[in-house]
Amino acid sequence: MHVEERWVDTEERLLREAPSLGDLLQRLRHRISPALVGGAGWEALSERASDLPATLAAFPFGFELPLHEQQPHADLGVSVVSGSRSAKHFLDLGSGKNADPASAALARLVEAKGRKGSRLHRVTGRKMVLEYDIDPSGDGLHPAPGAFLYPTEKPLYGRDGSRRLEDLGVVLDGIAATGWDWDVRERRQVERLFLALQPEARILSLGAFPGRARGVRLALTGFKTSSEVMTFLQRAGWPWSRAPLESRLANLEACDSFGTIAVHLDVRSDGLGPKLGLGLYARDTSWLQRGRYWLDSPGNWTAFIESMRGERLAVPEKLAALENWSSGAELLFGSAGRFVLVRGVHHVKLVAMEDRVDQVKAYVFLLMCSPEQAGPTPAEIL
């Protein structure tokens, strides 16, 4: 079965399985630890997801978990692939007469990514990620999601910087379409950071949140050691002390806690914002390329979790729950037939404000697919 036929089949099953992503999450509740998402945080997450189609579970979706906060809450991230039934939801939402500006802008972006002749499709393909801020206070406000584009079809490597500025501009224009016109100074700042990359490093993603303060979220990847990260930050003009970051990252490196590092920056017209993220990815990433779907092993994160326990950066109950998050492929029986559920940790992140590391987050994913994509698995009732 062709890969597109597989997710079309899964979307059709999910459409019959649950009326919304929120309803589907309720059915998976016993697989999501209340130590990670519970109480008011769970209620707010479920309410926000109830506005989204269950078909989004045919692609990787998941939660941003603040492990340093006692309150068990999460933000929500979903993958949108142009041409899918899920993408049609956003096209329909943004094309009606009463569509709000943010929904209309998102629909235009989804449409542009789906056009094979478009420059945006050529560089970033069909996939994008939407990130929803979830307020656990339950005030009912639903800000527009952040939109993130990934230059995967034609990756933007540092070695190609000077000759790929036009392609970088294509991605920037795609992000700008979600809410604002670029200030030429913002564009120049992003270009400057691209040109500061080491040859084998590359742009992982570019994104923006229409509902937040103006700025570009830039993620850069391909760093393998703490020294490579520090070299880049120096070249990028990070204005705060790098010593505390280097010490923290070097300790994790000595414990073999990660394989590669991504640097997350807020880019503004006047330079870099004070927040810096260091995304840590597992050393064993062969599961990312095994083809049919993602698989993760709990052992990939043991060293990191133990390091966080030792440094007391995270809530112990959340670390314990994170240890048990990753699973193999589980065969579930739902009302619409059989599904395979996969859960894993995509990456973890240390967050610094200026020169002080005071936050740690985990980005976990779920994925549901048809059983034709998997071998024998344990079976449970959904």
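Quick caveat, the model's predicted, so the values are computed rather than measured.

*Asks:* Sorry, what's going on with the overall build of the protein here?
*Replies:* Helices and strands together make up the secondary structure of the protein, namely 12 helices and 12 strands. Relative to the compact-globule value of 21 Å for 382 residues, the protein shows a C-alpha radius of gyration of 20 Å, a close match. Across its three principal axes, the protein shows a C-alpha extent of roughly 55 × 50 × 45 Å. In the protein, the proportion of contacts linking residues at least 24 apart, taken out of those at least 6 apart, comes to 69%. Carbon together with sulfur atoms contributes 50% to the accessible area of the protein, which is approximately 16000 Å² in total.

*Asks:* Explain helix H8 (residues 184-195) to me, please; I cannot follow it from the model alone.
*Replies:* The periodicity of an α-helix, 3.6 residues per turn, causes residues three or four places apart in sequence to face the same way. With 12 residues, H8 should reach 16 Å at 1.5 Å per residue; the first-to-last C-alpha distance of 17 Å fits that figure. Every buried residue belonging to H8 is among Glu186, Arg187, Gln189, Val190, Glu191, Leu193 and Phe194, and all of these are buried. Looking at the buried positions of H8, the neighbouring elements they touch are helix H7 (165-176), strand S5 (202-208), strand S6 (216-223), helix H9 (226-236), strand S7 (260-268) and strand S8 (271-281).

*Asks:* Is there a simple way to think about the pattern of salt bridges in this case?
*Replies:* Opposite charge on two side chains allows them to pair when their charged atoms are near. Under the defined criterion, the tally for this structure stands at 25 salt bridges. Residues Glu17 and Arg27 are paired through a salt bridge, measuring 2.8 Å at the closest nitrogen-oxygen approach. Linking Glu17 in helix H1 (residues 3-17) with Arg27 in helix H2 (residues 21-27), this pair joins segments that are 10 residues apart in sequence. Glu17 gets classed as buried once you look at its relative accessible area, which sits at 3%.

*Asks:* Would you explain the side chain of Glu191 in this entry?
*Replies:* Looking at the element boundaries, Glu191 is found in helix H8. Within the local environment of Glu191, its side chain forms a polar contact with the side chain of Arg188, the two groups lying 3.2 Å apart. Apart from residues lying up to four places away in sequence, Glu191 is in contact with Leu165 and Leu168.

*Asks:* Can you help me understand the layout of surface pockets in this one?
*Replies:* If a probe the size of a water molecule is rolled over the atoms, the empty space left behind becomes visible. Approximately 270 Å³ is the volume attributed to the second largest pocket. If you trace the second largest pocket, you find 15 residues lining it, with Arg48, Leu93, Asp100, Ser103 and Pro145 closest to the centre. Residue assignment for the lining of the second largest pocket shows that the elements contributing at least two residues are helix H4 (85-95) and helix H5 (101-114). Of the residues that constitute the lining of the second largest pocket, the class distribution is 9 nonpolar, 3 polar and 3 charged.

*Asks:* Help me understand empty space enclosed by the protein in this model?
*Replies:* The full count for this structure, using the stated rule, is 2 cavities of 30 Å³ or more. Considering only enclosed or pocket space, the second largest cavity measures out at about 60 Å³ in volume. Surrounding the second largest cavity, Ala102, Leu106, Leu130, Ala144, Pro145, Ala147, Thr178 and Pro210 form its lining. Residue composition of the lining of the second largest cavity, by class: 7 nonpolar, 1 polar and no charged.

*Asks:* It is not clear to me how the packing of H9 against helix H10 (residues 243-254) should be interpreted in this structure. Could you clarify?
*Replies:* Packed helix pairs are specified by the crossing angle of their axes together with the interaxial distance, meaning the distance between the axes. Packing of H9 against H10 brings their axes to within 9 Å, and their N-to-C directions diverge by 155 degrees. It follows from the interaxial angle that H9 and H10 lie roughly antiparallel. As H9 packs across H10, the resulting crossing turns out to be right-handed. Seen from H9, the contacting residues are Ser226, Val229, Met230 and Leu233; seen from H10, they are Leu245, Glu246, Leu249, Ala250 and Glu253.

*Asks:* Help me understand the environment of Leu319, please; the structure alone is not making it clear to me.
*Replies:* With respect to the helices, strands and loops of the structure, Leu319 is situated in helix H12 (residues 316-323). Look at Leu319 and you get buried, because its relative accessible area is 1%. If sequence neighbours within four positions are ignored, Leu319 has contacts with Leu67, Ile305, Met308, Arg309 and Ala314.

*Asks:* Got a minute to help me understand the packing of H7 against H8 in this structure?
*Replies:* Orientation of H7 relative to H8, taken along the N-to-C sense of each, is 130 degrees, at an axis distance of 11 Å. The orientation of H7 with respect to H8, classified from their angle, is oblique. For the pair H7 and H8, the crossing hand works out as right-handed. Residues Leu165, Leu168, Gly169, Leu172 and Asp173 of H7 form the contact with H8, whose participating residues are Arg187, Val190, Glu191, Phe194 and Leu195.

*Asks:* I would appreciate a short explanation of the packing of aromatic side chains in the present structure.
*Replies:* Aromatic rings in a pair are described by how distant their centres are and how their planes are angled relative to each other. Considering all chains together, one arrives at 5 aromatic pairs under this definition. With centroids separated by 5.5 Å and ring planes inclined at 45 degrees, the aromatic side chains of Phe223 and Phe232 adopt a geometry described as tilted. Positioned over the ring face of Trp42 is Arg29, at 3.9 Å from the centre of the ring.

*Asks:* What exactly am I supposed to notice about H7 here?
*Replies:* Relative to the 16 Å expected for 12 residues at 1.5 Å per residue, H7 spans 16 Å between its end C-alpha atoms, a close match to the ideal helical length. Burial of H7 is extensive: 9 of the 12 residues sit out of reach of the surface. Packing partners of the buried residues in H7 comprise H5, helix H6 (119-124), strand S4 (146-149), H8 and S5.

*Asks:* I tried to follow the nonpolar core on my own but got confused; where do I start?
*Replies:* Inside soluble globular proteins, nonpolar side chains tend to come together where they are buried. Leu21, Phe63, Leu76, Leu206 and Phe232 are the most contacted members of the largest nonpolar core, which totals 107 residues. Filtering out sequence-adjacent residues up to four positions away, Leu206 remains in contact with Ala147, Phe148, Leu149, Leu168, Val171, Leu172, Ile175, Val190, Val216, Arg217 and Leu218.

*Asks:* It is not clear to me how the confidence of the model for the protein should be interpreted in this structure. Could you clarify?
*Replies:* Low-pLDDT stretches of the model should not have their predicted coordinates read in fine detail. Residues at a pLDDT of 70 or more form 92% of the protein, whose mean pLDDT is 90. Per-residue pLDDT stays below 50 along residues 285-293; that stretch engages in 20 contacts with residues further than four places along the chain or on separate chains.

How each quantity is defined
- Residues numbered from 1 in each chain as written.
- Predicted model: local features only at pLDDT ≥ 70, side-chain atom pairs only at ≥ 80, totals over all residues.
- Heavy atoms only, no water.
- Helix = DSSP H or I, 4+ residues; strand = E, 2+ residues; numbered from the N terminus.
- Rg over C-alpha atoms; globule rule 2.2 N^0.38 Å.
- Contact = heavy atoms within 4.5 Å.
- Areas by Shrake-Rupley, 256 points an atom, 1.4 Å probe, with all protein chains shown as cover.
- Expected span 1.5 Å × (residues − 1).
- Buried < 20%, exposed > 50% of the residue type's maximum accessible area, 1.4 Å probe, protein only.
- Salt bridge = Lys/Arg side-chain N within 4 Å of Asp/Glu carboxyl O.
- Polar contact = N/O pair within 3.5 Å; in protein donor to acceptor, adjacent residues only side chain to side chain.
- 1 Å grid on protein atoms, 1.4 Å probe; cavity = no way out; pocket = protein on both sides within 12 Å on 5 of 7 lines; lining within 4 Å.
- Points joined across faces, edges and corners; volume = space filled by probe spheres on them.
- Nonpolar A, V, L, I, M, F, W, Y, C, P; charged D, E, K, R; others polar.
- Axes fitted to C-alpha atoms, helices over the stretch in contact; angles between N-to-C directions.
- Parallel < 35°, antiparallel > 145°, perpendicular 65-115°, else oblique.
- Left-handed = near helix turned anticlockwise from the far one by under 90°.
- Phe/Tyr/Trp six-rings, centres within 6.5 Å; stacked < 30°, edge-to-face > 60°.
- Lys NZ or Arg CZ within 6 Å of the ring centre and 35° of its normal.
- Core = buried A, V, L, I, M, F, W, Y, C linked by side-chain atoms within 4.5 Å.
- pLDDT = per-residue confidence, 0-100.

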